[in-house]
Amino acid sequence: NQTVWAFIGADVYSLVQLPPEESGHTDREHRGGFPGWPQTHAAAGGERLAKPERGKMRVHKISNVNKALDFIASKGVKLVSIGAEEIVDGNAKMTLGMIWTIILRFAIQDISVEETSAKEGLLLWCQRKTAPYKNVNIQNFHISWKDGLGFCALIHRHRPELIDYGKLRKDDPMTNLNTAFDVAEKYLDIPKMLDAEDIVGTARPDEKAIMTYVSSFYHAFSGAQKAETAANRICKVLAVNQENEQLMEDYERLASDLLEWIRRTIPWLENRMPENTMQAMQQKLEDFRDYRRLHKPPKVQEKCQLEINFNTLQTKLRLSNRPAFMPSEGKMVSDIINAWGNLEGAEKGYEEWLLNEIRRLERLDHLAEKFRQKATIHEAWTEGQEEVLQKHDYETASLSEIKALLKKHEAFESDLAAHQDRVEQIAAIAQELNELDYYDSPSVNARCQRICDQWDTLGALTQKRGEALQRTGKLLETIDQLYLEFAKRAAPFNNWMESAMEDLQDTFIVHTIEEIQGLSTAHEQFKATLPEADKERQAILGIHNEIAKIVQTYHVNMAGTNPYTTITPQEVNTKWDKVKQLVPQRDQALIEEHARQQNNERLRRQFANQANVIGPWIQTKMEEIGRISIEMHGTLEDQLQHLRQYEKSIVNYKPKIDQLEGDHQLIQEALIFDNKHTKYTMEHIRVGWEQLLTTIARTINEIENQILTRDAKGISQEQLNEFRASFNHFDRDHSGTLGAEEFKACLISLGFDIANDAQKRSGIMDAEDFKTCLISMGYNLGESEFSRIMSVVDPNRMGLVTFQAFIDFMSRETADTDTADQVIASFKVLAGDKNYILADELRRELPPDQAEYCIARMAPYTGPDGVPGALDYMSFSTALYGESDL
């Protein structure tokens, strides 16, 4: 401005010295109008300049003024309808307009806040700076400044030590204005351009004058504004870094907790130590159901949320131009997926083992009970037999007694042979219990061994007694044929009845209606033999009646007993009555079991009917989600809303899954192990449901990340559609990911040229086409560059590129982000252009938490221009972007 005034010189000053009656202004109004306004009017006594002076050397004056105007024009000031003649001739209106144009150009025009015009920018700056102060409401450049508080607030905001703002009163504008003007002139080098009396005494102070004066404050504090802008940039970068570090810590903690839970759970699922009782194994099964119903579902959600958080974190890191997050060793997403797979493998094996163990214990309990029944019957039969076989009664017996003993022994041998099958059954059951690892096998083996040893002893004693009786029997010739016939017929019949009672009381275990129908058929066949058996009973009783008749007729002394058998007619009748009593009991047991199997079949069909609906429904939803994720209908917000509505409909389906779980529990409680009516197991449904929930949540997260990427990078919907179309074209299996070769082809389709270092074929185009592509595109990225790109889009090194990673990469290629250089420049502003910064400067310019964050991480500055306590903000800034280590 001084240069301009020097060019205008005294001629211009003289031209604006107009008397009050011509200019319409008082002398005070001239003094208070603009900076550097001439103060010569009063000295001149208010008189007009002499006419001869006005005309003196007019040509020279016009030449001088033209030089000044040419200089002003060279600085970009447009002077419209004004020339040197108007100024030389004293045109006050034109001269004042020119001076205001000069002020606008050199004092105000460069002021801009948030891309506003100069005037609007200056007003916005004033409003922001005075916003915290009471009684200050800056809305314009005239009456808003009349009370003087606006000027005082601007000074106090930047230099609070210069003014005690709390003591100012709104009703004392003169004091406020003079205080502000005096402090500005004394401490801020801002000349007094205004008079307090003019502002207070005017209804509407001159807007241009106040605007010019306020611009002096803006320029005086511009250095502080520059530092504030730099501090804001640094705060923004540090806030992003702190938020990302917190997200990384949260991921590490959640991953550790989930992996620790899996580590604790897998040994429990791999524990195959069987229990000895059905009740204990049923408790294990119930514990497993609680695990599936109560403990695992929250962990499934944690795993899904962990993957979503990881993807969101990677997106934020890419958007903020930070390096990709690499979790600690063993805590990668792939590690968690592998650990989860091991968990589900152990889980599946554990459930299969539980059901097999329950089935084995059920079989063992059945065999053990069968063993005890048969052993008890056999031991009851053999009780006292050894003592009988060891008697020497034949030595003193009569001929008839010897014959009786012989016949009795023959009957015993027949009975002994009949019991051979039972002994073999007992031994076979004991062997099967051993093979099935029955917990009480030692007791069973000991009892079986006693029976077998006793059986061998009985055989040996029988043979010995038979030989003795045979020797004695040769001396005896008479035998009571009727007793013998009774004994021979009664013994097998008695054995048949005992076998029948044993079979009627035998426990059974079946799993299907066909099996119970088979038992019912066998029982009906048995009942069909009862009439013939009754005839045999009548025949045996007839023999006994014949014997009684002969004894009565011939007065034979038989001591009331049959010498050839211990079986009596009363015993035959008693056992026959027992058989008839057991038949309806068996009928009832079979009817009840048939009803139970019918109920089991109903449970099978009930489960199958639901599973055959839910299984295909889950598969259909999975396919629909896959289609939604690759379609491009509407905006991302439309797709997100569609997916959330879709997710809500899926969640509303949960009661059907719970109902199926209830039916599955009823099936397990009923010990139903197979279901021919459906190919879907509860395990299939559970896994499919968990995958469905995880897929819809992951798809929603991908859309959210795409919105985040689009908004942060300024990508248009058309660009996103182009990226999606290219991605979908090469994602031919609709898996939502691209392999390395597919990704390479996708990049080529979008204008990237990925060639190998040796110019070999890529598998996408032939050599000639590829050469043409190189020439037309102007790219030649080798395999090393492609490997770098893959490390960005595939940080987990899984060989697959998701659409989110692809869109993040493309956004980096098409949008600008803050860089390390920008952060370094901001720190340099706060440091006053030094190559280092001090802790006090950081604490003065940044919020406390972010200042301490920087101080704790900045390395000491080692440059030759350093001072004690100097900090290296350059290495710190590059470390924020992964270009060095913190």
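What counts, and at which threshold
Residues numbered from 1 in each chain as written. Predicted model: local features only at pLDDT ≥ 70, side-chain atom pairs only at ≥ 80, totals over all residues. Heavy atoms only, no water. Helix = DSSP H or I, 4+ residues; strand = E, 2+ residues; numbered from the N terminus. Buried < 20%, exposed > 50% of the residue type's maximum accessible area, 1.4 Å probe, protein only. Contact = heavy atoms within 4.5 Å. Areas by Shrake-Rupley, 256 points an atom, 1.4 Å probe, with all protein chains shown as cover. Salt bridge = Lys/Arg side-chain N within 4 Å of Asp/Glu carboxyl O. Expected span 1.5 Å × (residues − 1). Arc of directions from axis to C-beta. Axes fitted to C-alpha atoms, helices over the stretch in contact; angles between N-to-C directions. Parallel < 35°, antiparallel > 145°, perpendicular 65-115°, else oblique. Left-handed = near helix turned anticlockwise from the far one by under 90°. Nonpolar A, V, L, I, M, F, W, Y, C, P; charged D, E, K, R; others polar. Core = buried A, V, L, I, M, F, W, Y, C linked by side-chain atoms within 4.5 Å. UniProt positions renumbered as here; feature names shortened; annotations may be inferred. Phe/Tyr/Trp six-rings, centres within 6.5 Å; stacked < 30°, edge-to-face > 60°. Disulfide = S-S within 2.5 Å.

Caption draft 1: Layout of the overall build of the chain. Scanning the chain from N- to C-terminus turns up 35 helices and four strands. Expressed as a percentage of the 886 residues in the chain, the buried residues total 44%. Look at the contacts in the chain between residues 6 or more apart in sequence, and 76% of them connect residues 24 or more apart. Working note: accessible area of the chain is about 45500 Å², and carbon and sulfur atoms make up 51% of it.

Caption draft 2: How the structure looks around the pattern of salt bridges. All chains considered together, the criterion is met by 51 salt bridges. Here Lys 296 and Glu 347 are joined by a salt bridge, their closest N and O atoms 3.2 Å apart. Of this pair, Lys 296 sits in helix 14 (residues 278–319) while Glu 347 sits in helix 15 (residues 333–382), and the two are 51 residues apart along the sequence. Of the two residues, Lys 296 and Glu 347, both sit in the buried class. In the salt-bridge network here, residues are joined through shared partners; they are Arg 292, Lys 296, Glu 344, Glu 347, Glu 661, Glu 683, Arg 686 and Glu 690.

Caption draft 3: How the structure looks around helix 5 (residues 58–74). If you check helix 5, its first and last C-alpha atoms are 24 Å apart, about what 17 residues at 1.5 Å a residue would give, namely 24 Å. By the burial criterion, the buried members of helix 5 are Lys 61, Ile 62, Val 65, Ala 68, Leu 69 and Ile 72. Taken down its axis, helix 5 places every buried residue within 125° of arc, on the same side. Among the exposed residues of helix 5, those oriented more than 90 degrees off its buried face are Val 59, Lys 67, Asp 70 and Ser 74. Phi for Gly 76, located one or two positions after helix 5, is positive at around 90°.

Caption draft 4: Structural detail: the packing of helix 15 against helix 18 (residues 420–435). Running from N to C, helix 15 and helix 18 cross one another at 150°; their axes reach a closest spacing of 10 Å. When the interaxial angle is binned, helix 15 and helix 18 end up roughly antiparallel. Like other packed secondary-structure pairs, helix 15 and helix 18 cross with a definite hand, here left-handed. Note on element contacts: helix 18 touches helix 15 through Arg 422, Val 423, Gln 425, Ile 426, Ile 429, Ala 430, Glu 432 and Leu 433, opposite Arg 363, Leu 364, Leu 367, Ala 368, Lys 370, Phe 371, Lys 374, Ala 375, Ile 377 and His 378. Of the residues in the contact of helix 15 with helix 18, the class split is 11 nonpolar, two polar and five charged.

Caption draft 5: How the structure looks around the environment of Gln 639. Assignment of secondary structure puts Gln 639 in helix 24 (residues 636–651). Taking the C-alpha atoms as reference points, Gln 639 and Glu 704, 65 residues apart in sequence, are found 9.9 Å from one another.

Caption draft 6: Fine view of the packing of helix 8 (residues 118–130) against helix 12 (residues 207–220). Put simply, helix 8 and helix 12 touch, their axes get as near as 11 Å, and they point 65° apart. Remark: the crossing between helix 8 and helix 12 carries left-handed chirality. Facing Lys 119, Leu 122, Trp 125 and Cys 126 of helix 8, the residues of helix 12 in contact are Glu 207, Met 211, Val 214, Ser 215, Phe 217 and Tyr 218. For the contact of helix 8 with helix 12, a count of residues per class yields seven nonpolar, one polar and two charged.

Caption draft 7: Main features of the nonpolar core. If you look at the biggest cluster of nonpolar residues, it comprises 51 residues, and the most contacted ones within it are Phe 141, Trp 145, Phe 151, Ile 155, Tyr 213, Val 214 and Phe 217. Secondary-structure elements contributing two or more residues to this core are helix 5, helix 6 (84–88), helix 7 (92–108), helix 8, helix 9 (149–158), helix 10 (173–187), helix 11 (196–200) and helix 12. Phe 151 has contacts with Trp 145, Leu 177, Ala 180, Phe 181, Ile 210, Tyr 213, Val 214 and Phe 217, leaving out every residue within four places of it along the chain. Listed in part, the 44 residues of the second largest apolar core include Leu 259, Trp 340, Leu 367 and Cys 448.

Caption draft 8: Up close: the side chain of Arg 447. Its location among the elements puts Arg 447 in helix 19 (residues 441–473). Leaving out residues up to four positions away in the same chain, Arg 447 has contacts with Phe 371, Arg 372, Ala 375, Thr 376 and Glu 379.

Caption draft 9: Expanded view of the environment of Asn 64. Relative to the helices and strands, Asn 64 resides in helix 5. Given the relative accessible area of 34%, Asn 64 is considered partly exposed. The sequence separation of Asn 64 and Val 88 amounts to 24 residues, and the corresponding C-alpha distance is 9.8 Å.

Caption draft 10: Main features of the environment of Leu 436. Secondary-structure assignment places Leu 436 in the loop between helix 18 and helix 19. Residue class for Leu 436 comes out partly exposed when judged on its relative accessible area of 25%. Residues Leu 436 and Leu 364, spaced 72 residues apart in sequence, show a C-alpha to C-alpha distance of 7.3 Å. Beyond its immediate sequence surroundings of up to four residues, Leu 436 is in contact with Arg 360, Arg 363, Leu 364 and Leu 367.

Caption draft 11: Just the UniProt feature "coiled-coil region" (unreviewed entry) in the chain, in detail. Those residues carrying the UniProt feature "coiled-coil region" (unreviewed entry) are residues 237–264 and 402–436 in this numbering. A distance of 50 Å separates the end C-alpha atoms of residues 402–436, which is 94% helix and 0% strand.

Caption draft 12: The arrangement of the packing of aromatic side chains in detail. Under the defined criterion, the tally for this structure stands at 31 aromatic pairs. Between the aromatic rings of Tyr 836 and Tyr 861, the centroid separation amounts to 5.4 Å while the plane-to-plane angle is 40°, which identifies the pairing as tilted. Residue Tyr 836 is located in the loop between helix 32 (820–830) and helix 33 (839–845), and its partner Tyr 861 is located in the loop between strand 3 (859–860) and strand 4 (871–872); the two are separated by 25 residues in the primary sequence. The buried category is assigned to Tyr 836, whose relative accessible area is 9%. Here Tyr 861 falls in the buried class, since its relative accessible area comes to 18%. Each residue in the set Phe 141, Trp 145, Phe 151, Phe 181, Tyr 213, Phe 217 and Phe 221 is aromatic and connected to the rest through ring pairs, giving one cluster.

Caption draft 13: Seen up close, unusual backbone geometry. At Asn 135, a residue that is not glycine, the phi angle is positive and equals roughly 65°. Within the secondary structure, Asn 135 sits in the loop between helix 8 and helix 9. Phi angles above zero are rare outside glycine, and Asp 189 is one such case at about 60°. Here Asp 189 shows up in the loop between helix 10 and helix 11.

Caption draft 14: Seen up close, the state of the cysteines. Evaluated as defined, the whole model comprises zero disulfides. Looking at Cys 854, it has no disulfide partner, and the nearest cysteine sulfur is the one in Cys 235, 8.1 Å off.

Caption draft 15: Local environment of helix 18. Under the 1.5 Å per step criterion, the end-to-end length of helix 18 is 23 Å for 16 residues, consistent within 8% with the ideal 22 Å. Buried residues of helix 18: Arg 422, Val 423, Ile 426, Ile 429, Ala 430 and Leu 433, and no others. Axial view of helix 18: buried residues confined to an arc of 125°, hence all on one face. Looking one or two residues beyond helix 18, the residue adopting positive phi is Asp 437, at roughly 60°.

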